[in-house]
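# Overview (structure and organization)
The residues making up each chain are set out below.
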Amino acid sequence: MEDSEFDEVLDDWFIESLKTYKDLHVYQLEFPTQVIEWTSGKSFHSQKNELLELRLPLKLFADENKGLCAERDFKVVNGGFADGPVSSLRHVPGTRCVVTNDGRSSDLQVWDLGGDYSDVIRRTAIIEGRRPESGMGSKMAARRLSQPSILHGGQSDVVQLTGLASGQTLYQLATDATQPLNSLHFLSDHVFLAACCNGSVYIADSRTSSAAQRLPPPDSSGGFARWWMDAAADDDPSSCRVVRLSSSGQVEVSELRRPGGAGRRAQLDVQTHCCNMDNVRVSWAPMLDDSISVSGFGGGVQIYNTSGWGAELQEARPLFEHRGHVVSHRRDDGVPVNVTAHIWHPERLRTLLSAASDGSVHVWEWVDQSPADAPTPSLKML
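Here the structure is a predicted model, which means the values were calculated and not measured.

### Side note on the nonpolar core
Formed by 19 residues in total, the largest nonpolar core has its most connected members in Leu-245, Val-251, Leu-268, Ile-292, Val-294, Tyr-304 and Trp-309. Put simply, the parts of the chain that give this core at least two residues each are β18 (227-232), β19 (241-246), β20 (250-255), β21 (264-268), β22 (281-284) and β23 (291-295). In contact with Ile-292, not counting residues within four places along its chain, are Val-243, Val-251, Val-282, Ser-283, Trp-284, Gln-302, Ile-303, Tyr-304, Thr-306, Trp-309 and Trp-344. Judged by nonpolar contacts, the second largest core, of 16 residues, contains Phe-44, Leu-52, Ala-341 and Val-361.

What follows is the structure, encoded as structure tokens:
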């Protein structure tokens, strides 16, 4: 694309963004990141080998007179360095602690984020996994209890719950299957899901030694596919809704209370040839029922409303697409910019944080411009 064409596209998108965004703030990292995580409502954690805790622009949180707010930029709060790459990271709720994995072994690193006493992020402990030389890393999920703990494992047969203070194993998942995992999710203090790359999901309770319940993979019209998952649960874990996304762009939404029932299905409007297996994300909106976000199929983050989907596979168009990463930055080497990660703000209705392969980080609040006769996502009551 010539310079004049790029400038024209950028100008058109900027004018469009005045109507489609309520807020949009940009930050540039030295290196791109695939890991972003909230440590509070106003900050997040992002890194390559470097660990950074950034505070979001205070202007984002100003309800009135935003133009009078002096704090318009991201601010580095704390930082530190890991010995190797950081492939995944989880913040332990209610603490100033995060847990990381390098993506090459099953061992975990525990970090103190610092605070008033220090702005240095320090490693405080190492948790050994059940297969130290796994070569595939560990997925993680954290829970907030009187005894902080971390759920971790790279395959379905090596998932365990470990106490952070004691380092003791509190629970091991009982299953004979050996399937690579794509994610782990707590539904409550004790009930969790282990999602496998083949689309199956194990449902387990750490208070019992009973075998885990298995949710079979969705039917896939495209043959072999890799799957990613997210879960949305209220106070009752049995009411959990699961969304599963395949590498072919198919999505299925199902409920745990009806494991054999027909789910809602759709074929998303994504560029499957741009699918990067390490970057694909699907996430439920924490404050909007029936809304999901998808990234990893190119340079955008797409928002979909699932409420109108049925049991028959249908094509779905995004409710909104954030194209800021690919539009606002032009790489001299001609390599396209791809989104590497995204995450919803835990308390703000339509605010997301996203990162891309050029090192850009965007925090943005989108405006719902769906037609008046279209299904509208309902607000989630907390």
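### What about the environment of Arg-90?
Relative to the helices and strands, Arg-90 is located in strand β6 (residues 88-91). Residues Arg-90 and Val-35 lie 55 residues apart in sequence; the distance between their C-alpha atoms is 9.3 Å. Not counting residues up to four positions away in its chain, the partners in contact with Arg-90 are Glu-37, Cys-97, Val-98, Val-99, Met-140, Ala-141 and Ile-150. Side-chain polar atoms of Arg-90 contact the backbone oxygen of Met-140, separated by 3.2 Å.

### Concerning the sheet that holds β22
Across the sheet, four strands lie side by side as β22-β23-β24-β26; this open sheet has antiparallel pairing. The open sheet has two edge strands with one neighbour each: β22 and β26 (320-322). Across the sheet, the axes of successive neighbouring strands diverge by a mean angle of 20°, strand direction being ignored. The pairing of strand β24 (residues 301-305) with β26 spans three bridges and is classified as antiparallel. Each residue of the ladder has a partner; that of Ile-303, found in β26, is Phe-320.

Cut-off values and rules
Residues numbered from 1 in each chain as written. Predicted model: local features only at pLDDT ≥ 70, side-chain atom pairs only at ≥ 80, totals over all residues. Heavy atoms only, no water. Core = buried A, V, L, I, M, F, W, Y, C linked by side-chain atoms within 4.5 Å. Buried < 20%, exposed > 50% of the residue type's maximum accessible area, 1.4 Å probe, protein only. Helix = DSSP H or I, 4+ residues; strand = E, 2+ residues; numbered from the N terminus. Contact = heavy atoms within 4.5 Å. Polar contact = N/O pair within 3.5 Å; in protein donor to acceptor, adjacent residues only side chain to side chain. Pairing = 2+ DSSP bridges. Axes fitted to C-alpha atoms, helices over the stretch in contact; angles between N-to-C directions.

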